[in-house]
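# Overview (structure and organization)
Residue-level listing of the chains:
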Amino acid sequence: MKHRNTAVSAVLGLGIAAALGTAGPVQAVTPTAPHAQQSVSHYAGSKQESDNKAFFDAVLKSVAKKRAAHPDAASVTVVYDASAAPSYQSQIAASAQIWNAAESNVTLQEGSGADFTYREGDDPQGSYASTDGHGRGYVFLDHAQTQEYDSIRVTAHETGHVLGLPDTYDGPCSELMSGGGPGPSCTNRQPDAQERAQVDALWANGLAKALAKVNKSS
């Protein structure tokens, strides 16, 4: 997905910006060679770790505020709301299951009082993760992109931003956060060992710092 910056948004994503037209079934399809080349050229240079950090910090702050009363819990629960992305219920659930199986310090759970939401629609820059500038985050899933690329890989990749991972477009297919870099033929949906370890470290150490700030300001 493509990164996007506005006055109130910090955006990151798979870096695949080409629109394919009207939305169809939420399934990966094989694009023509010219289209695949166009997509690659659009996302290849979009590395903005500062945007990724802003999104992660927004989610972390939301979680920390709710968890300040229970700082001794063994793991952190990040709550999401997928009601605004009805076409992607199975992809979102699969992505949560993938990350929950991979991590020990953080758990994704659907429910009320969400720390971030999922949305769907049509956007020429593709799917992305964003903050609204008010401590809230959302993942946008683009219809066209999830037809061109494996839809669960797209969703799991964007969810990786929720958990604090940056894009690594020049990485191999085995890296989930390489996103669209390896091309539409890559259907790997699993984070590799390094990505899993990075998320666990972020939620072991990052949350402790966030909780300290919340407790200090309260």
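Residues numbered from 1 in each chain as written. Predicted model: local features only at pLDDT ≥ 70, side-chain atom pairs only at ≥ 80, totals over all residues. Heavy atoms only, no water.

Along the polypeptide, Ser 62 turns up in helix 2 (residues 49-67). For Ser 62, a relative accessible area of 9% puts it in the buried group. Here the side chain of Ser 62 touches Asp 115 through a polar contact of 2.7 Å, side chain to side chain. (Helix = DSSP H or I, 4+ residues; strand = E, 2+ residues; numbered from the N terminus. Buried < 20%, exposed > 50% of the residue type's maximum accessible area, 1.4 Å probe, protein only. Polar contact = N/O pair within 3.5 Å; in protein donor to acceptor, adjacent residues only side chain to side chain.)

With that settled, consider the packing of aromatic side chains. Following the criterion strictly, the structure yields 6 aromatic pairs and no others. Measuring from ring centre to ring centre gives 6.1 Å for Tyr 80 and Phe 116, while their planes differ by 40°; the resulting arrangement is tilted. Highlighted residues: Tyr 80 in strand 3 (residues 76-84) and Phe 116 in strand 5 (residues 116-121), separated in sequence by 36 residues. On the accessibility criterion, Tyr 80 (5% relative accessible area) is buried. With a relative accessible area of 1%, Phe 116 lands in the buried category. Members of the aromatic cluster, connected to one another through ring pairs, are Tyr 80, Phe 116 and Tyr 118. Of note, Arg 119 hangs over the ring of Tyr 138, and the distance from its end group to the ring centre comes to 3.7 Å. (Phe/Tyr/Trp six-rings, centres within 6.5 Å; stacked < 30°, edge-to-face > 60°. Lys NZ or Arg CZ within 6 Å of the ring centre and 35° of its normal.)

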